[in-house]
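Structural characterization, general
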Amino acid sequence: MKNSKNKLVNLIVAKETNPAYLPEIGYCGNVFMIFGLPVRRLPENERLRWLKQIEGYDLIITNPGLMNHKTKKPYTEVPYGCYARLNQIFIDTEIKTKATNIIDVGKTFNEYVKKLGCKEGKANKEISRQLINYVTSIITFVRTGEENTLKGLQTSISEKWDISFDIKSPDQIMLSKGQIIVNPAYAQWVYDHCVPLNMDVVNVFKRNPLALDFYRYLAYRNNELSKTVSIQDCFLFEQLGTEQQNDRYTRGHLKRILKVIQMYWPVKAKFEDGYFELKPSPPAIQKKLPSQTPIKIIDEFKD
């Protein structure tokens, strides 16, 4: 957290000394702002299916487990960790800002890494792995109710992908197009149900899955909030999937993350007496957003 705090201090200084500063805007579909993704790799016998249940809603992520024909073992699984989140935010941002379901990942791996706001280095393999995990996955989002009463969405993340990154030579130009065609149903859902994020803040927390999820949760819950909400903080811990048995430890950790967030964004939130309270606050993005145009659905790769 100390490193994140220092980065945010630098960001605040840059903002205050540059009157022309404008944050880079990103977007995130509300499904992942509510449910997040697994923080860590799932146990071996659970890596192809993940279930998260929150307040009458279920999110199920499945992966077909594409097979490596040499090792005879699957090389894809349910996406997890910070780089899965960065890939997901990048794809959602492309859908919303460019009003299309076709995602350009670049001609080289380094070009894609820069699109994520990362630097070339040891994380290269994991970034690529989590991108492939994400685009090959299927999501089922269901509002649960009484028997024979269901409302939800089931869709693959993508319909087609053409990616052949050379991780060992990240500046090597790909022979393929370097594109992903997002499933139209999923793209339309993201386009209609996403919330803006400050990508400068996302980049501060890019290696901290819990902080990323907490920031996204705050941005989602604060969006169009008209009155104070207060919940037992143990329910918040469960929603964020902290996987910590000690509530006192989790509460202290989230308090520290909240203080760092509030250094940049004056969100009116606090932990007190076993509850988490959120009051209507300025939006996470305090600038005029571009007007919305209808999304253009594309079925084939662009030349």
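Residues numbered from 1 in each chain as written. Predicted model: local features only at pLDDT ≥ 70, side-chain atom pairs only at ≥ 80, totals over all residues. Heavy atoms only, no water.

Remarks on the overall build of the chain
A count of helical and extended segments in the chain gives ten helices and 14 strands. Taking 19 Å as the expected radius of gyration for a compact globule of 303 residues, we find that the chain reaches 19 Å, a close match to that expectation. Once the C-alpha set of the chain is aligned to its principal axes, its extents read approximately 55 × 55 × 40 Å. Considering the chain as a whole, with its 303 residues, one finds that 50% of them fall into the buried category. Expressed as a percentage of contacts within the chain between residues at least 6 apart in sequence, the contacts between residues at least 24 apart total 71%. (Helix = DSSP H or I, 4+ residues; strand = E, 2+ residues; numbered from the N terminus. Rg over C-alpha atoms; globule rule 2.2 N^0.38 Å. Buried < 20%, exposed > 50% of the residue type's maximum accessible area, 1.4 Å probe, protein only. Contact = heavy atoms within 4.5 Å.)

As for the packing of helix α8 (residues 209-222) against helix α10 (residues 247-264)
Remark: α8 packs on α10, axes separated minimally by 10 Å, with the N-to-C direction vectors making an angle of 65°. For the element pair α8 and α10, the recorded crossing hand is right-handed. Along its contact with α8, which presents Leu210, Ala211, Phe214, Tyr215 and Leu218, the element α10 presents His253, Leu254, Ile257, Leu258 and Ile261. (Axes fitted to C-alpha atoms, helices over the stretch in contact; angles between N-to-C directions. Left-handed = near helix turned anticlockwise from the far one by under 90°.)

Side note on the nonpolar core
Among the nonpolar cores identified, the biggest contains 83 residues, and Ile91, Phe214 and Leu218 are the most heavily contacted of them. Sequence-distant contacts of Ile91, that is, excluding residues within four places in its chain, are made with Ile103, Leu131, Tyr134, Val135, Ile180 and Val182. (Core = buried A, V, L, I, M, F, W, Y, C linked by side-chain atoms within 4.5 Å.)

Remarks on the sheet that holds strand β10 (residues 179-182)
On the basis of which strands lie adjacent, the open sheet formed by three strands has the order β6-β10-β9 and antiparallel pairing. Each edge of the open sheet carries a strand with a single partner, namely β6 (102-104) and β9 (158-162). When strand polarity is set aside, the average angle formed by the axes of neighbouring strands in this sheet is 15°. Sheet topology places β9 next to β10; four bridges connect them, and they run antiparallel. (Pairing = 2+ DSSP bridges.)

With respect to the pairing of strand β7 (residues 138-143)
The two faces of a sheet get side chains in turn, since along a regular strand they alternate between them. Sheet analysis places strand β3 (residues 57-62) next to β7, joined by six bridges and oriented antiparallel. When the bridges of β7 are listed, Thr62 appears paired with Ile138. By the bridge criterion, six bridges tie β7 to strand β8 (residues 151-156) in an arrangement that is antiparallel. The partner of Thr140 across the bridge, within β8, is Gln154.

Considerations on the sheet that holds strand β12 (residues 229-232)
Reading across from one edge, β12-β14-β13 is the order of the three strands in this open sheet, with antiparallel pairing throughout. At either margin of the open sheet sits one strand with a lone partner, and together these are β12 and β13 (269-272). Each neighbouring strand pair of the sheet contributes to a mean axis angle of 20°, computed without reference to strand direction. In this structure, β13 lies alongside strand β14 (residues 275-278), joined through four bridges in antiparallel fashion. If you follow Lys270 over to β14, its bridge partner there is Glu277. Against the sheet, α8 contacts β12, β13 and β14, and its axis sits at roughly 55° relative to β14. Helix α9 (residues 233-240) rests against β12, β13 and β14 of the sheet, and its axis sits at about 80° to β12.

Details of the packing of aromatic side chains
Under the criterion given, the structure shown has twelve aromatic pairs. A centroid spacing of 5.8 Å and a plane angle of 65° characterise the contact between Phe141 and Trp189, whose relative ring orientation is edge-to-face. Placement of Phe141 in strand β7 and of Trp189 in helix α6 (residues 184-192) is noted, with a sequence separation of 48 residues between them. Classification of Phe141 by relative accessible area gives buried; the value is 10%. (Phe/Tyr/Trp six-rings, centres within 6.5 Å; stacked < 30°, edge-to-face > 60°.)

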